[in-house]
Structures are given as structure tokens and as C-alpha cells.
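# Structural overview
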Amino acid sequence: MRTLLNDVRFALRRLAKSKGFTAVAVASLALGIGANVAIFSVVNAVLIRPLPFPEAERLVMVWEDNSALGFPRDTPAPANYADWKAQNQSFEDMAALATRSFNITGDGEPEKVSAYRVTANLFGVLGVRPAVGRAFNEEDDRPGAAKVVILNYGLWQRRYGGERSVVGRDILLDGEKHTVVGVMPKGFQFMESYTGLWVPAAFTPEEMAARGSHYLVVVARMKPGVSAEQAHADVAAITERIAREFPAQAQNLKAAVVPLREQITGNTRRPLILLLAAVALVLLIACANVANLLLARSASRRKEMAVRTALGASRARVVRQLLTESVLLSVLGGAAGLLLAAWGFEFLKKLIPDGMTLSSSLTIDLPVLGYALGVSLLTGIVFGLAPALQSSRVELNEALKQGGGRSASGGGGGRLRSALVVVEVALALVLLVGAGLLVQTVSNLRYQYALFEPERLLTVRTVLPQRKYTGAAQRANFYDRVLERVRALPGVVSAGYTTSVPLQWKGGANGLFLEGVQLPPGVFANANHRQVSAGYLQTMGIPLREGRYIEETDDARALPVVVVNETMARQYWQGQSAVGRRLKFGPDESADDPWRTVVGVVADVRQMGLDAPVKAEAYYPYKQITTHPFFAPRDLVVRAEAGDPLSLVPAVRREVHAVDPDQPLSSVATMDKVLGDETGSRGTGMVLLAALAGLAVLLAAIGIYGVLAYFVTQHVPEIGVRLALGARPRDILALVLRKGMGLALGGVLAGLAAAYALTRLMESLLFGVSATDPLTFGGLALLLAAVALVACVVPARRATRVDPMTALRYE
């Protein structure tokens with residue numbers, strides 16, 4: 001221990017004497033280690049840290065699998081949930097939820113709050129109790145029972161001041177009294193982060209018997225010792241029986257059991273692993289740079305190492321001393337890196353899935369500290385071992401005779417430094433190509449909506465409470481009056497209502513019967529259902545391909561009509577005009593809905609996700625729909641003439657309140673913001689990968705510059721001789737540039753090969769660009785070569801200014 005302390009003290013003295021070297025090395029390592037710690041903190045929070053539920057590994061989500069209709073994770077029908085719960089052998093208990101929203105009124109500004117109807121056992125299945133008050137009981141969950149509600153912690157703090165006396169108080173939800181019986185703990189989250197409250201589901205017998213309506217979310221706790229695979233097999237067998245017994249509603253139905261963590265993290269696992277690999281490459285480049293610095297520094301310490309060896313120090317003792325210095329450097333870099341990582345947490349929070357934003361946080365906890373320490377120590381050994389071994393190999397007689405000047409360099413060290421530069425350039429190109437592909441992906445995702453001019457579109461949500469707006473006529477009257485007022489506002493070009501603007505609702509499908517269309521056995525017609533106003537499609541900027549748009553005259557007295565998208569026209573009326581064809585809601589011709597005539601075909605719009613396949617979509621005039629309140633319009637879209645459309649919000653709110661003073665506005669945003677939110681994690685990943693690629697290119701350029709600068713320094717006498725013998729400055733310039741660009745081009749070729757192999761792993765993350773896009777590969781290879789050329793020019797020009805007489809006299 002005493003020897004180790006002596007080594008540390010000596011290393012500190014040496015590093016303190018070389019302040020410039022120490023600062024550059026620590027800064028390089030801080031960037032590399034800090035990036036690794038920052039990304040690991042996200043990986044730890046999302047993929048490693050236990051979920052905030054007791055024995056969370058036993059929690060699973062249970063879905064219907066309707067892959068044939070494009071819904072591999074479909075919300076279950078109540079009757080199917082009831083059969084799963086009654087017949088399974090794998091679960092301790094199973095609970096169900098259904099999305100809702102309420103308008104809170106009567107105790108302040110009207111506010112729309114997202115909510116869930118839940119079975120009374122939900123919180124027991126999750127293993128969580130309210131922080132204040134009680135959970136629901138079986139009596140609460142019966143039809144006709146007294147109305148009760150449990151509040152989210154954030155809503156309790158924001159609207160009710162965190163007062164414990166709120167328990168037992170009545171609040172108005174959609175104008176109906178509900179008694180607050182509990183408040184959930186801070187940080188509690190199940191599914192969406194914006195859920196404000198929970199009410200008992202209180203399903204009626206009619207609701208529980210329904211197999212054609214699919215709207216539940218089902219969570220279950222497996223029995224001890226049961227695996228997700230066993231639970232899946234159990235539920236699948238029950239679902240097969242359901243499909244056989246009820247072919248009209250459940251033909252070909254399957255089921256899927258998904259572990260809760262897998263459900264919550266969704267598609268974030270691969271991007272996070274990709275970022276972790278990217279920061280590892282940056283750290284390798286930083287290590288190569290510091291190793292190069294140490295190799296260059298070792299030349300000036302050859303005499304010191306020879307003296308230590310002559311005085312009896314073994315080679316192992318010398319290596320240990322040098323490794324102590326490198327590890328100390330990396331520990332200092334790691335400490336600085338921790339500070340950089342903590343500084344970046346606010347930005348990195350965007351990588352946390354929405355289902356974990358309240359329950360997960362980025363902190364410097366023990367796993368992160370342990371990771372930082374481990375990376376620091378490993379880094380110190382990785383970049384320090386080769387220079388230490390190189391420096392410990394000395395020829396005593398030669399080293400002691402030399403003055404430690406410019407010629408004190410071995411060929412082995414030079415070859416190693418050159419190899420490290422080639423590796424740096426190759427890794428930098430791999431990161432550059434990955435970032436380039438991701439930048440194009442995010443650009444392509446957003447560009448497909450450019451026709452909308454999304455920066456000019458304002459979206460506002462007005463969810464009408466069913467208790468107040470009981471009929472289609474009342475709802476239509478509200479929409480008509482609001483649209484009339486909003487369209488008359490200064491600065492408004494047009495406005496329209498829809499069930500949901502693109503990307504804001506990933507569901508809403510409805511079964512159809514198509515006149516004169518024969519579908520294969522077991523295949524049913526299905527399309528996304530959107531109820532819209534006249535002018536909505538024009539306001540959004542969705543082009544008309546055939547026929548006409550929905551018009552103001554398409555009301556309850558007119559012929560029932562529908563407008564479909566190109567995918568639906570192509571899918572069901574292959575190669576023929578869809579205009580004039582007829583369809584109706586329901587599985588067969590006997591459905592109660594009237595025949596509806598297709599009057600127009602509009603361009604496809606991705607409603608379900610930026611890169612989700614386009615589904616068949618049908619747009620119905622809301623004035624002609626007397627049933628299906630679930631699909632009733634809720635989103636108002638306003639196209640502004642110019643400027644920021646958010647400036648219209650006060651006027652729009654005033655006009656809505658003029659129609660209904662108790663109607664709150666929610667989800668206020670520009671369509672551009674909606675797109676930005678949808679690309680959120682991808683956009684954040686793009687920025688991070690681009691930043692890491694830029695850092696890698698900078699480090700590689702510094703590495704090339706360092707090697708060439710050292711090469712010029714070591715070869716000053718040779719350059720002096722060449723100049724004295726008549727060599728021209730451009731010959732010297734060419735000599736140094738050949739050296740530098742040879743290393744750079746070798747790295748570029750190696751990087752192209754590595755990128756060609758590795759970018760295929762990120763193929764599932766790309767959109768509109770190939771993983772081996774030749775323009776990306778070629779363009780970024782040329783860019784990196786240009787940066788390398790710039791890094792070569794400075795030491796090359798310095799070499800041309802060597803004074804032959806001074807160089808020869810020095811030697």
C-alpha cells in the first residue's frame with residue numbers, strides 16, 4: 001500500500017509539471033467518460049433499474065393479437081377479458097382499464113383531465129396503495145354505486161394545493177359529483193404520464209358481454225414461478241376456444257402476453273444500445289488520442305526510464321509506475337465526466353419512454369457511480385498499457401548517451417501511433433455515417449408532412465362530456481357554432497373538426513361491409529374511422545385525388561356519404577374507381593347503419609405513427625353520424641394566415657367559451673409541435689449521435705495533427721538536410737501530407753468497411769434511406785478526408801519553414 005501511495009504521489013508531481021499535457025488528456029477523457037456515464041444513466045433508468053412495483057417481473061400486459069387487421073397489440077374486448085380472468089391458470093389476479101377523460105368544473109377554471117376507468121383490483125394487482133385515503137373496493141366497482149375518484153399526486157398538488165382534506169370532498173367531473181377517496185403516491189405511474197385521476201370501471205353486464213368492442217387495457221400478475229411464456233400459452237389456449245365459439249366476433253383472434261417492462265420501454269431498447277455503442281466508440285477514440293500523447297511523451301522520458309532501470313527498477317516496476325499515471329489521468333477524467341453527465345441529464349430525459357417519465361429519474365446513484373469508476377479504471381489501463389510497455393523497453397547505453405532530444409524515438413512507437421490514428425479515423429467515420437443516416441431519417445419523417453405547412457396549423461382539443469352532450473344533434477350544434485365563430489376570427493384562413501389529428505390517436509378502427517366486394521374467407525373489411533367537418537381536409541392540406549371533399553350540405557337530410565384514402569381505395573376496389581361505391585358500418589349487409597356512398601378519395605396520411613404503415617381510412621361527415629359517439633370529433637384544427645398560430649389561442653378560447661363556458665381547451669399545440677413530439681426520442685438520439693460524431697471527428701483530427709506534429713519535430717534534422725541539398729518547400733509539404741493523408745485514407749477505407757457492416761444493425765430505426773446509402777457513405781467519407789487534410793496542413797506548413805542551418809546545428 002505504501003508503494004502504491006508513493007507511486008500516486010510521484011504521478012501527481014509528474015502530471016503537475018506537465019500542465020498542458022494533463023489538461024488535454026483529462027479533457028479528452030472527460031468527454032469520452034462523461035458521454036458514457038450519461039448514456040448509461042439512461043440505460044440504467046430504463047432497462048436495468050427495477051420498476052416501482054413489488055415483484056415487477058411478475059407483471060404482464062395481455063393484448064389481443066389482430067395482426068390480420070394491422071393491430072398486433074389490440075385492446076381486448078370486455079367479454080374476452082372476462083373469459084381470460086375466469087379460465088386462466090397462470091395469474092394471481094387480472095385487472096382492466098379503459099381510457100376516459102373528464103372536464104373538472106365548479107372549483108376554478110374548467111380543466112380537461114385524462115383518466116382511466118379501472119376495475120377495483122387494479123392497484124392491488126400493481127401492489128401500490130394510495131398515499132392519502134384508500135383504494136377502490138368491490139362496492140365502488142358496481143353499476144349504480146356512489147361515484148368516487150382517486151387523484152393523481154400532481155393534480156392533487158396543482159389544483160387542490162396538496163390538502164389532505166381533499167379526501168371526502170365532492171368534485172364535479174363532467175358536471176357529476178364524485179367523492180375523492182384517495183390520492184396516489186408521488187411518482188406513481190401506470191401507462192401514460194398525463195393520467196390525472198382514476199374512477200371505478202363499474203362495467204354493466206351488457207358491457208362485460210361485448211366481444212365486438214375492443215377498448216380495454218389488461219394487466220395481470222403472474223403466480224410465483226410462472227414465466228411469461230407459460231402465461232402466453234395459457235391465454236392463447238383460452239383465446240383459441242373463444243375464436244371457435246364466437247366466429248362472428250373473434251374469428252382468427254389470438255392473444256399476446258408482454259412483460260410490463262417490455263411494454264413500457266417499447267422500441268427504446270435498440271436505440272439506447274446503439275447510443276451506448278456510439279459513446280463507447282467515442283471513448284475508444286479518446287483513449288487512442290491519450291495513448292498517442294503518452295507515446296509522444298515517452299520519447300522525452302527515455303533517459304528517465306533508463307536511469308530508473310540502471311538504479312535497479314525492474315521492467316514491471318516501471319510499467320506499474322506508468323500505469324499509475326495513466327489510471328490517475330483517467331480517474332481525473334472520470335470525475336470531470338461525472339459533472340458533464342449530470343449537466344446533460346435535463347436533455348437526456350427526453351430519451352425516457354412516456355410510460356416511465358414520472359417513475360424514473362436520471363441520477364448519479366450507486367450503479368452509475370460504479371459504472372463511472374469501472375469505466376475510468378478500465379480506460380486508464382487500456383490507453384496506458386501500450387505506452388507503458390513501449391516506454392519500459394529501453395537500451396540503457398543508447399538512452400543514457402542521448403540527451404532526450406528530437407531523435408529519441410523508436411520505430412515501434414511511431415508505428416503504434418500511426419495505427420492508433422487509423423483506428424481513430426475509422427471509428428469516427430462509423431459514427432459519422434450512423435449520424436448521417438439518422439439525420440436523414442428524422443428529416444424524411446417530418447418532410448412527409450411538409451405539404452400541410454404544419455407550422456401554420458393550430459390544434460386544440462375540446463372533449464365534450466357525454467352526460468351534457470347526450471345526442472349527436474347537440475354535439476353537431478356545438479361544432480357548428482364553434483367553427484362559425486373561429487372561421488370569422490382575424491388571421492384565420494380556415495378551420496375544421498376531426499376525431500383526431502394525425503399521430504394523436506393510434507386507434508379508431510371500425511368494421512365495414514362493402515357492397516359488391518368479395519373478400520377471402522376469414523378476412524374482414526376494416527378502416528380507421530374519423531368523423532370530420534366540412535373544411536377539415538382542406539384545412540389540413542390533404543390533397544384530393546378523385547371526386548370531392550366533404551361539404552357543408554352533407555348533413556342529416558342529405559345522402560349519407562364518406563371520403564376514403566388512397567390505401568382504402570386500392571385495398572378494396574383494386575384498380576377501379578372507389579367513387580360511387582357503397583359501404584356501411586358493421587360486419588354484414590344486415591347492419592343497422594345506412595348505406596354510405598364514397599364521394600371522394602384523398603391522399604394517404606400516416607395517422608398511426610410517423611413510420612407506421614398507412615391503414616385504410618374513412619372520413620365521415622359528423623352531421624350524418626347519429627351513433628358512434630366514441631369517434632365523435634374532439635380536435636379543432638385552425639390554419640393561420642401567417643406568424644405563430646399560438647397567438648390565436650386566446651381568441652379561440654374566447655369563442656369556445658362563448659358557446660359553452662364550462663368547456664375546457666386542452667392539448668393546445670401547433671402541428672409542428674405534434675410532429676416534434678412524435679419524433680422526440682429519435683430527434684434526441686439524432687442530436688446525440690450527431691454530437692458524438694462531431695466530437696469523434698474533432699478527436700480524430702487532433703490525433704492526425706498530433707502525429708504529424710511529432711513526426712515533423714522528430715525529423716527536423718532530416719528535413720534540414722533535404723532543404724540544404726536543394727529540396728523545395730513544396731517537396732517537404734508533399735512529404736508530410738503524404739504521411740498524414742496516408743493514415744487518414746487508411747482510416748477512411750477501414751471505416752467504410754466497418755460502417756457497411758455495422759449500419760445494418762440500425763436498419764429498423766431508419767425511414768426513407770437505406771442502411772448502405774452510397775451518397776451518405778461517399779459524402780461523409782469525403783468530408784472526413786477534407787477534415788483530415790486541414791489537420792495535416794498546419795504541421796506540413798511548419799515543416800516547410802525549417803531553417804536548414806539551425807536544424808543541422810541543433811542536431
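Residues numbered from 1 in each chain as written. Predicted model: local features only at pLDDT ≥ 70, side-chain atom pairs only at ≥ 80, totals over all residues. Heavy atoms only, no water.

Before going further, it helps to examine the overall build of the protein chain. Within the protein chain, the regular secondary structure consists of 26 helices and 22 strands. Its C-alpha atoms give the protein chain principal-axis dimensions of about 105 × 60 × 55 Å. Buried positions account for 53% of the 811 residues belonging to the protein chain. Excluding contacts between residues fewer than 6 apart, the proportion of contacts in the protein chain whose partners are at least 24 apart in sequence is 82%. Summing over all exposed atoms, the protein chain offers an accessible surface of approximately 35200 Å²; the carbon and sulfur share of this is 58%. Averaging the coordinates of the 85 positive side-chain charges in the protein chain and doing the same for the 69 negative ones gives two points 13 Å apart. (Helix = DSSP H or I, 4+ residues; strand = E, 2+ residues; numbered from the N terminus. Buried < 20%, exposed > 50% of the residue type's maximum accessible area, 1.4 Å probe, protein only. Contact = heavy atoms within 4.5 Å. Areas by Shrake-Rupley, 256 points an atom, 1.4 Å probe, with all protein chains shown as cover. Lys, Arg positive; Asp, Glu negative; His and termini not counted. Charge placed at Lys NZ, Arg CZ, Asp CG, Glu CD.)

Structurally, Arg211 can be placed in the loop between helix H6 (205-208) and strand E10 (216-222). Relative accessible area serves as the criterion here: at 11%, Arg211 is assigned to the buried category. Sequence separation of Arg211 and Phe246 is 35 residues, and the distance between their C-alpha atoms is 8.6 Å. The contacts of Arg211, once residues within four sequence positions are left out, are Ala77, Ala79, Asn80, Asp83, Ile242, Phe246 and Gln249. Here Asn80 takes part through its side chain, which lies 2.6 Å from a polar atom of the side chain of Arg211. At 2.8 Å, the side chain of Arg211 and the side chain of Asp83 are in polar contact. (Polar contact = N/O pair within 3.5 Å; in protein donor to acceptor, adjacent residues only side chain to side chain.)

Before going further, it helps to spend a moment on the environment of Asp611. Tracing the chain through its elements places Asp611 in the loop between strand E19 (596-602) and strand E20 (617-621). Sequence spacing of Asp611 and Ala757 is 146 residues, and the spatial spacing of their C-alpha atoms is 24 Å. If sequence neighbours within four positions are ignored, Asp611 has contacts with Leu445, Arg606, Arg682 and Phe767. Reaching out from Asp611, the side chain makes a polar contact with the side chain of Arg682 at a distance of 2.7 Å.

A separate point is the environment of Ala286. Here Ala286 is to be found in helix H10 (residues 269-299). Ala286 sits in the buried class, given a relative accessible area of 0%. Through-space distance from the C-alpha of Ala286 to that of Thr379 is 9.4 Å; in sequence the pair is 93 residues apart. What Ala286 contacts, discounting residues up to four positions off in sequence, is Ser28 and Leu699.

Here helix H3 (residues 78-87) crosses helix H7 (residues 228-245) at 130°, and the two axes come no closer than 10 Å. Relative to H7, H3 is oriented oblique. Between H3 and H7 lies a crossing of right-handed hand. Across the interface between the two elements, Asn80, Asp83, Trp84 and Gln87 from H3 touch Val235, Ile238, Thr239, Arg241 and Ile242 from H7. For the contact of H3 with H7, the class distribution of residues is four nonpolar, three polar and two charged. (Axes fitted to C-alpha atoms, helices over the stretch in contact; angles between N-to-C directions. Parallel < 35°, antiparallel > 145°, perpendicular 65-115°, else oblique. Left-handed = near helix turned anticlockwise from the far one by under 90°. Nonpolar A, V, L, I, M, F, W, Y, C, P; charged D, E, K, R; others polar.)

Apart from glycine, the bulk of residues carry a negative phi angle, and the bulk of peptide bonds sit in the trans form. Of note, the phi angle at Glu55 is positive, near 45°, even though the residue is not glycine. Exposure remark for Glu55: the relative accessible area of 46% places this residue in the partly exposed category. Despite not being glycine, Asp174 has its phi angle at roughly 55°, a positive value. One can find Asp174 in the loop between strand E7 (170-173) and strand E8 (176-183).

Side chains of Leu31, Leu340 and Trp343 sit close together on the surface and give an oily, nonpolar patch of about 350 Å² of accessible area. Within the secondary structure layout, Leu31 lies in helix H2 (residues 19-48). (Patch = residues over 30% accessible without salt bridge, like charges linked within 9 Å, V, L, I, M, F, W, Y side chains within 5 Å. Salt bridge = Lys/Arg side-chain N within 4 Å of Asp/Glu carboxyl O.)

This part covers the packing of helix H24 (residues 729-758) against helix H25 (residues 774-800). One way to put it is that H24 packs onto H25 with a least axis distance of 8 Å and a crossing angle of 155°. Put simply, H24 runs roughly antiparallel to H25. Every pair of crossing elements has a handedness; the one defined by H24 and H25 is right-handed. A breakdown of the residues in the contact of H24 with H25 according to their chemical character gives 22 nonpolar, two polar and one charged.

With that settled, consider the side chain of Lys584. Position of Lys584 among the secondary structure elements: in strand E18 (residues 582-585). A distance of 3.3 Å separates the side chain of Lys584 from the backbone oxygen of Asp593, its partner in a polar contact.

On to helix H20 (residues 649-659), then. Looking at H20, one finds that the buried residues are Val649, Ala651, Val652, Glu655, Val656 and Val659. The arc that holds every buried residue of H20, seen down its axis, measures 165°, which confines them to one face. Here the buried face of H20 lies against strand E12 (457-461), helix H17 (472-487), strand E21 (635-640) and strand E22 (666-670). (Arc of directions from axis to C-beta.)

The tally for this structure, following the rule as stated, stands at 16 aromatic pairs. When the ring of Phe123 is compared with that of Trp198, the centres are 5.9 Å apart and the planes differ by 85°; the resulting orientation is edge-to-face. Highlighted residues: Phe123 in helix H4 (residues 122-126) and Trp198 in strand E9 (residues 195-200), separated in sequence by 75 residues. Aromatic side chains Trp505 and Phe631 sit 6.1 Å apart centroid to centroid with 45° between the ring planes, which places their arrangement in the tilted category. Of the two residues, Trp505 is situated in the loop between strand E13 (492-498) and strand E14 (509-514) and Phe631 in the loop between E20 and E21; the sequence distance between them amounts to 126 residues. Among the aromatic residues, ring-to-ring pairing joins Phe53, Phe123, Phe136, Phe188 and Trp198 into one connected group. Against the face of Phe246 rests Arg211, its NZ or CZ located 3.9 Å from the ring centre. A cation sits over an aromatic face here: Lys584 above Trp595, 4.8 Å from the ring centre. (Phe/Tyr/Trp six-rings, centres within 6.5 Å; stacked < 30°, edge-to-face > 60°. Lys NZ or Arg CZ within 6 Å of the ring centre and 35° of its normal.)

Here we take up the pattern of salt bridges. According to the stated counting rule, one finds 36 salt bridges in the structure shown. Note that Arg467 and Glu176 form a salt bridge whose closest N and O atoms lie 3.9 Å from each other. Of this pair, Arg467 sits in the loop between E12 and H17 while Glu176 sits in strand E8; the two residues are 291 residues apart in sequence, bridging distant segments of the chain. Arg467 sits in the exposed class, given a relative accessible area of 52%. Here Asp635 ties to Arg461 by a salt bridge, and the two come within 2.7 Å at their closest N and O atoms. Within this pair, whereas Asp635 is found in strand E21, its partner Arg461 is found in strand E12, the two being separated by 174 residues in sequence. Residues participating in the shared-partner salt-bridge network are Asp107, Glu111, Arg158 and Arg159.

Of all hydrophobic cores here, the largest spans 128 residues; its most connected members are Phe53 and Phe190. At 16 residues, the largest contribution of residues to this core is made by helix H22 (residues 680-714). Those residues in contact with Phe190 that sit more than four places away from it in its chain are Phe53, Met61, Leu97, Leu122, Leu126, Val219 and Leu260. (Core = buried A, V, L, I, M, F, W, Y, C linked by side-chain atoms within 4.5 Å.)

Taken residue by residue, the protein chain gives an average pLDDT of 86. The fraction at 70 or more is 91%. Here residues 403-411 scores under 50 on pLDDT; set against residues more than four positions off or in separate chains, the count is 14 contacts. (pLDDT = per-residue confidence, 0-100.)

The side chains of a regular strand alternate, first on one face of the sheet and then on the other. Summarising burial for strand E3 (residues 91-105): 11 of the 15 residues are buried, a large majority. Sheet topology places E3 next to E10; seven bridges connect them, and they run antiparallel. By the bridge assignment for E10, Ala98 is matched with Leu216. Sheet analysis places E3 next to strand E4 (residues 111-118), joined by eight bridges and oriented antiparallel. Note that in E4 the partner of Ala98 across the bridge is Arg117. The antiparallel hairpin formed by E3 and E4 contains five residues in its connecting segment, where Gly106 sits at a positive phi of about 90°. Pairing geometry for E3 and E7, over two bridges, is antiparallel. (Pairing = 2+ DSSP bridges.)

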